[in-house]
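Listed below are the residues making up each chain.
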Amino acid sequence: MATDYFHIDDLLTEEHKLVRQSVRDFVNQEIKPVIDNAAHDHTDIPDLMPKLGAIGALGPYIPEQYGGAGLDQIAYGLIMQELEAGDSAVRSAASVQSSLVMYPIYTFGSEEQRMKYLPKLASGEMIGCFGLTEPNHGSNPAGMETKVVDKGDHYILNGAKMWITNSPVADIAVVWARDEEGKIRGLIVERGMKGFSTPETHHKWSLRASKTGELVFEDVIIPKENVLPNVSSLRGPLSCLNSARYGISWGVIGAAIDCYEVALQYSLERKQFGKPIASFQLQQKKLAEFITEITKAQLLVWRLGTLKNDDKATPAQISMAKRNNVKMAIDIARESRQILGGMGIVGDYPMMRHAANLESVITYEGTHDIHLLITGNDITGINAFE
Ligand code: TGC
Ligand code: FAD
């Protein structure tokens, strides 16, 4: 994968390029050869998390003292891009662990919590998941019903979360719940706690190489030391989403480039009417538009990354990038499949898999329409959610 029409590589450091190359090599060696079968059979990629840990893809921007790689936000984005060129399920695994589990423990956790969980999450020895969405509250997490009650020396947790990436395989879950005062609290729930179960969601037609499930809490006793001390409002979980949405806006460029490069190559080799199909204007229009949209998306995330490095990226800017880039990628996956004709529907080529995966990506971390309303709110000052 080398598509770089506007020489964005000139804006990268040597470290960025080295990180990108090592993740690209990993994806070519460990993911691409097995991903079609994993997606087809709805199975995990063996030892994915320790392998991601070994290449520094879990918590890349978490400081090294906690097991992270201490990299900047551009490096994080490049890692997500390369992983999603393999499959959105692989990027999902890395972004949930990094942005939705390690980030809140690092940002809102005590020093003891950081030391207890972050190194094992960074190495992939421990798998985490993030529970915000509920059966009755997806786009509107402020309505959450999961309840945590203070019992003096411990808390009791009741409720349910739904659509949780990696819940069936997670060792811990960062769970958001409302307390008696109506405040939103973050809790670390551990597998094995009595009353905690994680039923799997079956029959997905998207992200088939990723496990998705529920989190069910029936009078789960939560020790006080498992509560994140430095968060008490919706701002907490929503700030985790900023980090994950940022990663997605880079990641999907990887999926789009994978589709574009396969379609370009195929169009140069496949002959109809005595000529390569790349010589037909209609096919060139598609390919030219793909590279134009990919380039625009690359420039958007590069600038967003520099803003994020300076801690200046706003949630609304991140929403714009997530919405634009996911739509760009899903459109390219669908259109590029057509360039392959009948061959576009078989698993030897990645388009159908990417397109199906991107149906989840355009939905999770805030739907396409929710992100548009976030932009609308930002530019007009009028909240159209309610
Ligand atoms: P609103 O009243 O606007 O805000 C409540 C408080 O939160 C603050 N805030 C944010 N803070 C940080 N980052 C953000 N992005 C923030 N957005 C809002 C806000 O300033 C306020 O703070 P304060 O101190 O004044 O109280 O909240 P609202 O209830 O009107 O909702 C706003 C809305 C709709 C944008 C938000 O709820 C939303 O983003 N909804 C979408 C839900 C969502 O994205 N869920 C994702 C679940 S996780 C997931 O999908 C993981 S997939 C993982 C994978 O496999 O990769
Ligand atoms: P709803 O909120 O019911 O929305 C349905 C439709 O209504 C959407 O089109 C939406 O845009 C539209 N809509 C809603 N409100 C408005 C409005 N005000 N104005 C206009 N239109 C509106 N969640 C987690 O917490 N952790 C995870 O790890 C996680 N992983 C996921 C993995 C997968 C594969 C999937 C599919 C989802 C995952 N999610 C996760 C949940 C995801 O974040 C939600 O699906 C998403 O936020 C949308 O919520 P919903 O499905 O309840 O849809």
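Residues numbered from 1 in each chain as written. Chains lettered and ligands numbered in written order. Predicted model: local features only at pLDDT ≥ 70, side-chain atom pairs only at ≥ 80, totals over all residues. Heavy atoms only, no water.

Tallying secondary structure elements over the protein chain gives ten helices and nine strands in all. In terms of overall size, the protein chain behaves like a compact globule, its C-alpha atoms giving a radius of gyration of 21 Å where 386 residues would be expected to give roughly 21 Å. The proportion of buried residues among the 386 residues of the protein chain is 54%. Just so you have it, the protein chain exposes about 17000 Å², and 53% of that area is on carbon and sulfur atoms. (Helix = DSSP H or I, 4+ residues; strand = E, 2+ residues; numbered from the N terminus. Rg over C-alpha atoms; globule rule 2.2 N^0.38 Å. Buried < 20%, exposed > 50% of the residue type's maximum accessible area, 1.4 Å probe, protein only. Areas by Shrake-Rupley, 256 points an atom, 1.4 Å probe, with all protein chains shown as cover.)

Where strand S2 (residues 147-150) lies against strand S3 (residues 154-165), four bridges are found, and the strand directions are antiparallel. Looking at S3, one finds that aspartate 150 is bridged to tyrosine 155. If you look at the hairpin formed by S2 and S3, you'll find three residues sitting between the two strands, and glycine 152 has a positive phi there, around 95 degrees. Bridge analysis of S3 against strand S7 (residues 212-223) gives nine bridges, and the strand direction is antiparallel. Bridging across to S7, lysine 161 finds its partner in leucine 215. (Pairing = 2+ DSSP bridges.)

What follows deals with the site of ligand 2. In the neighbourhood of ligand 2, 18 residues make up the surrounding shell, with Phe130, Thr133, Ser139, Trp163 and Thr367 lying closest. Taking threonine 133, its side chain carries an N or O atom lying 2.7 Å from a nitrogen atom of ligand 2. Between ligand 2 and serine 139 there is a distance of 2.7 Å, counted from an oxygen atom to a side-chain nitrogen or oxygen. Here ligand 2, which alone exposes 970 Å², has 68% of that area covered by the protein. If you list the elements that add at least two residues to the shell around ligand 2, you get S3 and helix H10 (368-380). Counting only domains with at least three residues in the shell around ligand 2, you end up with domain 2 (129-226) and domain 3 (235-380). (Near = heavy atom within 4 Å. Polar contact = N/O pair within 3.5 Å; in protein donor to acceptor, adjacent residues only side chain to side chain. Domains from an automatic or database assignment.)

With respect to spatial proximity, 25 residues lie near ligand 1, and among them Ser92, Thr165, Asn242, Arg245 and Glu365 are the closest. At 3.0 Å from an oxygen atom of ligand 1 is found a side-chain nitrogen or oxygen belonging to arginine 235. For ligand 1, a nitrogen atom lies 2.8 Å from a polar atom in the side chain of asparagine 242. With the chains in place, 74% of the 1100 Å² that ligand 1 exposes on its own is no longer accessible. Contributions of two or more residues to the shell around ligand 1 are made by helix H4 (88-108) and helix H6 (235-269).

This next bit is on H10. Helix length check: H10, at 13 residues, gives a terminal C-alpha distance of 19 Å against a target of 18 Å (1.5 Å per residue), a fit within 8%. Burial in H10 covers these residues: His368, Ile370, His371 and Thr375. Where the residues of H10 are buried, they touch H6 and helix H8 (315-339). Looking at the residues trailing H10, positive phi occurs at glycine 381, about 80 degrees. (Expected span 1.5 Å × (residues − 1). Contact = heavy atoms within 4.5 Å.)

Another point: the nonpolar core. Within the largest apolar cluster, 93 residues are counted, with the highest numbers of intra-cluster contacts made by Leu52, Leu83, Ile105, Leu121 and Trp176. Broken down by element, the residue count for this core peaks at 15 residues, all from H6. With sequence-adjacent residues up to four places away left out, leucine 52 is seen in contact with Phe26, Ala57, Leu58, Leu83, Val90, Ala93 and Ala94. (Core = buried A, V, L, I, M, F, W, Y, C linked by side-chain atoms within 4.5 Å.)

So, on to the environment of aspartate 44. With respect to the element layout, aspartate 44 can be found in the loop between helix H1 (14-41) and helix H2 (48-54). Given a relative accessible area of 38%, aspartate 44 falls into the partly exposed group. Note: C-alpha distance between aspartate 44 and isoleucine 248 (204 residues apart in sequence) is 21 Å. Apart from the residues lying within four places of it in its own chain, the contact partners of aspartate 44 are Val169 and Lys211.

This part takes up the domain arrangement of the protein chain. Under the domain assignment, the protein chain is made up of domain 1 (8-127), domain 2 (129-226) and domain 3 (235-380). Just the C-alpha atoms count here: the centres of domain 1 and domain 3 sit 20 Å apart. Across the boundary between the two partners, domain 1 contributes 28 residues, which contact 31 residues of domain 3. With both chains or domains summed, domain 1 and domain 3 bury close to 2300 Å², and 61% of this area falls on carbon and sulfur atoms. (Buried area = accessible area lost by both parts, 1.4 Å probe.)

Interaxial distance between H6 and helix H9 (residues 351-361) falls to 10 Å at its minimum, and their mutual angle equals 160 degrees. With respect to H9, the axis of H6 lies roughly antiparallel. Where H6 crosses over H9, the handedness of that crossing is left-handed. Of H9, the residues touching H6 (which contributes Ile248, Val252, Ala255, Asp258, Cys259, Val262 and Ala263) are Met351, His354, Leu358 and Val361. A class-by-class count of the residues in the contact of H6 with H9 yields nine nonpolar, one polar and one charged. (Axes fitted to C-alpha atoms, helices over the stretch in contact; angles between N-to-C directions. Parallel < 35°, antiparallel > 145°, perpendicular 65-115°, else oblique. Left-handed = near helix turned anticlockwise from the far one by under 90°. Nonpolar A, V, L, I, M, F, W, Y, C, P; charged D, E, K, R; others polar.)

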